[in-house]
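The primary structure of each chain is shown beneath.
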Number of protein chains: 2
Amino acid sequence: MRVEIWSDIACPWCYVGKARFEKALDAFPHRDEVEVVHRSFELDPGRAKGDVQPVITMLTKKYGMSAAQAQAGEDNLGTQAAAEGLAYRTRDRDHGNTFDMHRLLHLAKARGRQDELIGIFYRANFAEEATVFGDDERLVELAVAAGLDADEARAVLADPAAYADDVRADEREAAELGANGVPFFVLDRTYGVSGAQPAEVFAQALAQAWGERPQLTLVQGEDAEACGPDGCAVPQDR
Amino acid sequence: MRVEIWSDIACPWCYVGKARFEKALDAFPHRDEVEVVHRSFELDPGRAKGDVQPVITMLTKKYGMSAAQAQAGEDNLGTQAAAEGLAYRTRDRDHGNTFDMHRLLHLAKARGRQDELIGIFYRANFAEEATVFGDDERLVELAVAAGLDADEARAVLADPAAYADDVRADEREAAELGANGVPFFVLDRTYGVSGAQPAEVFAQALAQAWGERPQLTLVQGEDAEACGPDGCAVPQDR
């Protein structure tokens, strides 16, 4: 079974939701047969690469809330994160464009390191002091921590076209699947779960999708040219 | 859409079938949205690692055919391979245990190099003079040609348990899906195609599976804690 998770590094509920999903997955009897793929979604795709500002400033400017309201939201998120055992800096976090991180996540997918890298990006963005925005070498350092090659990560960052189409394809697919926000979880392309739901909801969705896995229909074709325990069939009339 | 292909490196029809499938995939309008995963299947799992013999000898001993019949089969396979543009040595090929190659293919999957490695293994086994059996350093060389790290490949070969469970899990799954021989193609776990069918059969299966992709059902849960273009929802009662 395959679970695809659309998320953004700048999305606090994605950080929390991933932990809740993983709690359900860890307890799922068929967890070894579940493959997780991370898909790209940008909450703020219009923001320029160099445009970095404190989260509280962004919240007050973009959504017109007061600094106190914005801070209360961050404090609540910090509490929810702590309940999942996650560190969360409720003060002085930055907000910025995440496109380059998504491009690196696609490089990491190609190198079998995606799950490592997204965990490292989340922790860096939500829990560590050094900002993840506006400093390519910081991203290279995080990529290396996930097992990627520094020069390869640097080359991706230096070429704005590298994996850009993959990020946009993920985002197009999110729209096609009806995802307006993230995190958005898709199980075997059959069941969708929107938001950082409690672990029990993920557990139920996993069980449901598992129980309803599709049955295989054999496509009719000509006599199979195949090899088996009794040798390789060699049809005479082909 | 995802296509899983069960195959063995020692399976001539897998080599030919992969080329026929790829011809259909190259012409498929949604090819960029098709992910291909290779799964393990051993035709001769009982053969000891060091037990290597000429293919013709294996065929006469195992299936009781004459050397002339065995050679005629190889010649026919050579013709079928050539029709797909594939090189095929019809003389002096070796046969042996492929478990280690499957373990390396799982390492390659984890590193995003599986498709490269299986192509290199097929070419080495069917078209090149140096045998792929009984020489770990030959396998390391091929793994490096696929972009894997030599030391990492060597470590996998030195540890018989490395990726062994992954190979066996693939083989168990093949049995559960009803695959008695290879190649065996599974599209979105919905349609199966057995054997090195003509490209047209694969084209039809791709179109059919694409047209019947499942629709997404949203699992009901509590109010979504999610982030979207309008900010991050913070339900008050949680």
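Residues numbered from 1 in each chain as written. Chains lettered and ligands numbered in written order. Predicted model: local features only at pLDDT ≥ 70, side-chain atom pairs only at ≥ 80, totals over all residues. Heavy atoms only, no water.

- Chain A is annotated in an unreviewed UniProt entry as Protein-disulfide isomerase from Streptomyces populi.

What to know about the state of the cysteines
Residues and elements named next belong to chain A.
- Under the defined criterion, the tally for this structure stands at four disulfides over all chains.
- Here Cys-11 pairs with Cys-14 through a disulfide, and the sulfurs are 2.3 Å apart. For the disulfide bridge between Cys-11 and Cys-14, the dihedral angle about the S-S bond is near 85°, and by the sign convention the bridge is right-handed.
- In this structure Cys-11 comes out as buried when scored by relative accessible area, which is 0%.
- Overall, Cys-14 belongs to the buried group, its relative accessible area being 2%.
- There is a disulfide in this structure between Cys-227 and Cys-232, and the S-S distance comes to 2.3 Å. (Disulfide = S-S within 2.5 Å. Buried < 20%, exposed > 50% of the residue type's maximum accessible area, 1.4 Å probe, protein only.)

Considerations on the interface of chain B and chain A
- Taken together, the contact pairs 60 residues of chain B with 60 residues of chain A.
- A buried area of about 4600 Å², summed over both sides, lies between chain B and chain A, and 54% of it is on carbon and sulfur atoms.
- Summed over the three residues of chain B that lose the most area to chain A, namely Leu-216, Val-219 and Glu-225 of chain B, the buried surface amounts to 15% of that side.
- Taken together, the connections running from chain B to chain A amount to four salt bridges. (Contact = heavy atoms within 4.5 Å. Buried area = accessible area lost by both parts, 1.4 Å probe. Salt bridge = Lys/Arg side-chain N within 4 Å of Asp/Glu carboxyl O.)

A closer look at the relation of the copies chain B and chain A
- Least-squares fitting of chain B to chain A yields an RMSD of 0.0 Å, with the transformation described by 0.0 Å of translation along the axis and a rotation of 180°. Interpreted geometrically, this transformation is the action of a two-fold axis. Minimal C-alpha distance to the rotation axis in chain B is attained by Arg-111 of chain B, lying at 2.2 Å.
- When the interface residues of chain B are mapped onto chain A, 100% of them again fall at the interface, so both copies present the same face. (Least-squares fit on C-alpha atoms with pLDDT ≥ 70 in both.)

Some points on helix α5 (residues 114-127) of chain B
Residue and element names in this part refer to chain B.
- Between its terminal C-alpha atoms α5 stretches 19 Å, which fits the 20 Å expected from 14 residues at 1.5 Å a residue.
- Of all 14 residues in α5, ten are buried, a share of seventy percent or more.
- On the buried face of α5, the contacting elements are β1 (2-7), α1 (12-27), β2 (35-40), β4 (94-95), α4 (99-110) and α6 (136-145). (Helix = DSSP H or I, 4+ residues; strand = E, 2+ residues; numbered from the N terminus. Expected span 1.5 Å × (residues − 1).)

With respect to the sheet that holds strand β7 (residues 217-218) of chain A
- The five strands are arranged β7(A)-β6(B)-β5(B)-β1(B)-β2(B) in an open sheet whose pairing can be described as mixed. Each edge of the open sheet is held by one strand with a lone partner, namely β7 of chain A together with β2 of chain B.
- Sheet analysis places β1 of chain B next to strand β5 (residues 184-187) of chain B, joined by four bridges and oriented antiparallel. Across the sheet, the residue bridging to Trp-6 of chain B is Phe-184 of chain B, located in β5 of chain B.
- Against the sheet, helix α8 (residues 164-176) of chain B makes contact with β1 and β2 of chain B, and its axis sits at roughly 100° relative to β2 of chain B, the strand it touches most. (Pairing = 2+ DSSP bridges. Axes fitted to C-alpha atoms, helices over the stretch in contact; angles between N-to-C directions.)

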